[in-house]
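# Working through the structure, step by step
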Amino acid sequence: MKKKIHTDICIIGGGAGGLTLAAIASQLGAKVVLVEAGELGGDCLNRGCVPSKALIAAANCLQSIRSSKNFGIISGEPRCNFKLIHDQIRGVINAIAPKDSIERFQGLGVTVIREFGKFVGPTRVQAGDTLVHAKRFVIATGSKPVTPSIPGLDEVDYLTNETIFNKKKAPLHLLVLGGGPTGSELAQAYRRLGCKVTLLEQSRILENVDPEVSDVVRNKMLQEGVVIYEGIQILCVKKKNDVIIINIRDRHGDFAIQGSDLLVAVGREPELKELDLDRASIKYDTKGINVDRRLRSTNKKVFAIGDVVGHYQFTHMAEYHAGIAIRNILFKFPAKTDYSCFPSVIFTTPEVAEVGMSEKSARERFGDIRIFRQSFAENDRATIEKNVEGLAKIVTRPNGAILGATIVGPH
């Protein structure tokens, strides 16, 4: 016999957005059901932000030892124990996990169902043997790595952000397919940890970043020994014995590169599998669920937040969305999303921070703009700490109204 639950809000997905919304709504007195078959904390805690930044922290620590000679401190080439780095990453995840645990949310009064949820009607979700009736639903199922259509890729044991942090042994030669934020961050981190790294990008690395800024990051990665191929076509992938071979074409012709491990980081796609959205009259496409500025789907009783709506795929975006949804659902306030001043950071070295409009988008919209630049090389603190690669760039209207800003530099 199926169990029936009637609730105020049913949240499908226990990642950053879903957990934020569940915590706030329950503490405001709403009856909340959270449906999540996997690990609470989602991609950020278990496979994304937390493990990647823990790995980057280890890599930066090692790089600091290497660069100590710039300050007159003499030391040998540092070595890393990759098994201990793996354990340190797991330790960080375990230290943060209680904040996202089932016990914590049950203590807040949230009913947690550890099953996949799928719609069986406009206001009903089936989760295992439980049928949930809710006044409002929120889809927060996140995203998953994209698998590109490359001949032979499905016959190779490749890594993604969901598997690479399980490695206890350093790759001898890591091939990274994709030069976006994830690919660039991890390529540089593994190089700093002593691995040979080759980064492959079909356009240019950090394609969505101001070229003046991405050039600074590229130059730093090249200085540190990352081999970068841009503007290429991947013809096929194959494995011979323990060697991964990628056949490539560029403007000079065809060639092949070899490596021990392959990381595929070409982007992410919304996780819509098994939701049966059609049964709830919810429209969607390959980019995600169609929502209005209030984050309502075409079924006005169903909201969608975070990566699943296909906008900016950041943890803080999912949390921002959670706040918008709460105001609409509980306070009946027509809150709307506003991305005009939304910030983002890429954790390469030097780091990249952006907010507002880029120079390109500002020129396309307004035509007449002003650009103000300040180099880190002109900053005394940067000179003292020998971190002079980078700049701050501000885009304004002729009257001085700020449209956007980008900084590439330390911290």
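The structure we're discussing is the one just above.
Summary of the structure given here. (Residues numbered from 1 in each chain as written. Predicted model: local features only at pLDDT ≥ 70, side-chain atom pairs only at ≥ 80, totals over all residues. Heavy atoms only, no water.)

## Brief notes about the sheet that holds strand β20 (residues 351-356)
Spelled out, the test is: By this definition, two strands are paired if DSSP reports at least two bridges between them. Helix numbers and strand numbers start at the N terminus; a helix is a DSSP run of H or I with at least 4 residues, a strand a run of E with at least 2. Whenever a helix is involved, its axis is fitted only over the stretch in contact; in every case the axis is a line through C-alpha atoms, and angles between N-to-C directions fall within 0 to 180 degrees.
Ordered in space as β19-β20-β23-β22-β21, the 5 strands form an open sheet in which the pairing is antiparallel. Strands with a single pairing partner mark the edges of an open sheet, and in this sheet they are β19 (343-346) and β21 (370-375). Direction aside, the axes of adjacent strands within the sheet are offset by 10° on average. Where β21 and strand β22 (residues 391-396) come together, 6 bridges link them in antiparallel fashion. Following the sheet pairing, I371 is matched in β22 by V395.

## Comments concerning a positive patch on the surface
Filter applied, for reference: Each patch is built from salt-bridge-free residues with over 30% relative accessible area, joining like charges within 9 Å and nonpolar side chains (Val, Leu, Ile, Met, Phe, Trp, Tyr) within 5 Å. Accessible surface is estimated by sampling points in the Shrake-Rupley manner with a 1.4 Å probe; for residues, cover comes only from the protein chains shown. Basic side-chain nitrogens of Lys or Arg form a salt bridge, by our definition, when they fall within 4 Å of a carboxyl oxygen of Asp or Glu. In this charge count, Lys and Arg are treated as positive and Asp and Glu as negative; neither His nor the chain ends contribute. A charged residue contributes its charge at one atom only: NZ of Lys, CZ of Arg, CG of Asp or CD of Glu. Partly exposed describes any residue whose relative accessible area lies between the buried limit of under 20% and the exposed limit of over 50%, with all areas from a 1.4 Å probe on protein chains only and scaled to the type maximum.
On the surface, a cluster of positive charge is made up of K2, K4, K118, R124 and R279. Note that R124 resides in strand β5 (residues 124-127). Judged by relative accessible area, R124 falls into the partly exposed class, the value being 32%.

## Some remarks on the nonpolar core
Worth spelling out the cut-off: Only buried Ala, Val, Leu, Ile, Met, Phe, Trp, Tyr and Cys residues count toward a nonpolar core, and they belong to the same one when joined by side-chain atoms within 4.5 Å. A contact between two residues is defined here by any heavy atoms of the two lying within 4.5 Å.
L55, Y190, V197, L199, M221 and L263 are the most contacted members of the largest nonpolar core, which totals 40 residues. Contributing elements (two or more residues each) for this core: α3 (49-66), α4 (82-96), β8 (173-177), α6 (181-192), β9 (196-201) and α7 (211-223). Here the element with the most residues in this core is α3; it accounts for 7 residues. The contacts of M221, once residues within four sequence positions are left out, are S184, A187, Q188, L199, I205, V226 and I228. L19, V32, I305 and A325 belong to the second-largest nonpolar core, a separate cluster that totals 26 residues.

## Quick word on the pattern of salt bridges
Summed over the entire model, instances satisfying the criterion amount to 23 salt bridges. Between R218 and E230 there is a salt bridge, and its shortest N-O distance comes to 2.9 Å. Residue R218 is found in helix α7, and its partner E230 is found in strand β10 (residues 227-230); the two are separated by 12 residues along the sequence. The partner of K300 in a salt bridge is D292, with the nearest N and O atoms 3.8 Å apart. A relative accessible area of 45% places K300 in the partly exposed class. With relative accessibility at 23%, the residue D292 sits in the partly exposed group. Residues participating in the shared-partner salt-bridge network are D210, E212, E359, R363, R373 and K393.

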